[in-house]
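Okay, here's what each chain looks like letter by letter:
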Amino acid sequence: MKEIILSMITAATYAVFLRNLLFSGGLGASEVLRAAQRNSEILMSSLLVSLFSAAAAGLSHGASKLLAISDSRLSLVLTPGQLEQMSSSYYARLSALYGGVLLALYLLTCGVIALLPHKIAHYKPLLLKRIGMSALNTIVMGVPLLAYNMGESPVNAIGMGLGAGVAFLVVTMLINSGLHILQQNKAIPPMFTGVPAALIYTGLLALAFTGFSGKILFQ
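None of these values were measured; they are calculated from a predicted model. (Residues numbered from 1 in each chain as written. Predicted model: local features only at pLDDT ≥ 70, side-chain atom pairs only at ≥ 80, totals over all residues. Heavy atoms only, no water.)

Peer 1: Sorry if this is basic, but what is going on with the overall build of the protein chain here?
Peer 2: Helix and strand content of the protein chain: 10 helices and zero strands. Listed N to C, the secondary structure of the protein chain is α-α-α-α-α-α-α-α-α-α in terms of helices and strands. For the C-alpha atoms alone, the extent of the protein chain along its principal axes is close to 70 × 60 × 40 Å. Considering only contacts within the protein chain whose residues lie at least 6 apart along the sequence, 77% involve residues at least 24 apart. Accessible area for the protein chain stands at about 12,600 Å²; split by element, carbon and sulfur atoms hold 71% of it. Between the centroid of the 13 positive side chains of the protein chain and the centroid of its 6 negative side chains there is a distance of 12 Å. (Helix = DSSP H or I, 4+ residues; strand = E, 2+ residues; numbered from the N terminus. Contact = heavy atoms within 4.5 Å. Areas by Shrake-Rupley, 256 points an atom, 1.4 Å probe, with all protein chains shown as cover. Lys, Arg positive; Asp, Glu negative; His and termini not counted. Charge placed at Lys NZ, Arg CZ, Asp CG, Glu CD.)

And the structure:
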């Protein structure tokens with residue numbers, strides 16, 4: 001159990017710092033900027049992104065195994081030309097499969113919310129809205145694909161999903177804090193106030209996080 005927990009923590013740390021999908025790939029950028037403007041949504045959105053990312057990564061890992069088994073059986077009866085075509089479309093089929101897993105997970109969650117007691121019925125529209133924005137998000141879809149490309153185990157894939165939620169929280173809080181400081185800075189030229197200043201600030205944060213990955217941006 002200790003090894004499993006340590007492996008998940010390592011994978012989560014990797015997703016937060018070494019491969020922060022929000023800054024290194026721009027995934028979930030629109031949701032981050034939206035949540036950063038509303039203090040009340042930061043924790044809820046981060047928690048939902050973390051849960052959906054972890055669940056999608058774990059389930060997608062199992063789905064990819066089923067797809068590989070199905071392809072291995074089909075390879076026994078297909079012609080060489082059909083095998084080549086099937087091989088070239090594997091990644092596209094895998095992405096569609098992961099999308100189907102995420103959609104099924106989202107619909108299942110919506111069904112559970114619909115069955116909640118009537119006493120909290122007035123919260124259901126808000127829950128459905130936040131779940132939709134957090135689940136149907138590029139960062140949630142990106143985690144299973146990243147885990148697959150890296151050949152991660154199911155435990156590490158789930159750890160990366162949890163780390164994606166932590167990364168979302170860290171990035172959102174940094175942008176939220178920066179937006180408040182920028183709004184109070186009277187030295188910013190009028191043409192750069194608002195969105196331009198926010199984008200420049202976000203770009204500088206992305207450069208800082210890219211430094212953790214060891215990538216060379218300029219030569």
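Peer 1: Looking at this structure, how should I read a nonpolar patch on the surface?
Peer 2: A grouping of M191, F192, I200, L204 and L207 is seen on the molecular surface, where their side chains present a nonpolar patch of about 530 Å² in accessible area. The residue I200 is located in helix α10 (residues 195–213) in this model. (Patch = residues over 30% accessible without salt bridge, like charges linked within 9 Å, V, L, I, M, F, W, Y side chains within 5 Å. Salt bridge = Lys/Arg side-chain N within 4 Å of Asp/Glu carboxyl O.)

Peer 1: Got a minute to help me understand the packing of helix α4 (residues 42–74) against helix α6 (residues 90–114) in this structure?
Peer 2: Two packed helices can be described by the angle between their axes and the distance between those axes. Their axes nearest at 9 Å, the elements α4 and α6 cross at an angle of 135 degrees. Taken together, the axes of α4 and α6 are oblique relative to one another. Seen along the crossing, α4 lies across α6 with a hand that is right-handed. Counting all contacts with α4, which are made through F52, A55, A56, L59, S60, A63, S64, L67, A68 and D71, the residues of α6 involved are Y90, R93, L94, L97, Y98, V101, L102, L105, Y106 and T109. (Axes fitted to C-alpha atoms, helices over the stretch in contact; angles between N-to-C directions. Parallel < 35°, antiparallel > 145°, perpendicular 65-115°, else oblique. Left-handed = near helix turned anticlockwise from the far one by under 90°.)

Peer 1: How should the packing of aromatic side chains be read in this particular structure?
Peer 2: Two aromatic rings are characterised by how far apart their centres lie and by the angle between their planes. Applying the stated criterion to the full structure yields one aromatic pair. Look at Y90 and Y148: their rings are 6.3 Å apart centre to centre, the planes differ by 40 degrees, and that puts the pair in the tilted class. Placement of Y90 in helix α6 and of Y148 in helix α8 (residues 138–149) is noted, with a sequence separation of 58 residues between them. Residue Y90 is classed as buried on the basis of its relative accessible area, which comes to 18%. Judged by its relative accessible area of 31%, Y148 falls in the partly exposed class. (Phe/Tyr/Trp six-rings, centres within 6.5 Å; stacked < 30°, edge-to-face > 60°. Buried < 20%, exposed > 50% of the residue type's maximum accessible area, 1.4 Å probe, protein only.)

Peer 1: Is there a simple way to think about the environment of L59 in this case?
Peer 2: Structurally, L59 can be placed in helix α4. With a relative accessible area of 47%, L59 lands in the partly exposed category. As for L59 and T13, which are separated by 46 residues in sequence, their C-alpha atoms are 21 Å apart. In this structure L59 touches V101 and L105, once residues within four positions along its chain are discounted.

Peer 1: It is not clear to me how the confidence of the model for the protein chain should be interpreted in this structure. Could you clarify?
Peer 2: Reading predicted coordinates in detail is not appropriate for stretches of low pLDDT. Residues with a pLDDT of 70 or more make up 95% of the protein chain, whose mean pLDDT is 83. Across the protein chain, the element-wise mean pLDDT spans from 73 in helix α2 (residues 21–24) up to 89 in α6. (pLDDT = per-residue confidence, 0-100.)

Peer 1: How do you make sense of the side chain of E152 when you look at a structure like this?
Peer 2: Inspection of the secondary structure puts E152 in the loop between α8 and α9 (154–184). Those residues in contact with E152 that sit more than four places away from it in its chain are H61, A147, A157 and M160.

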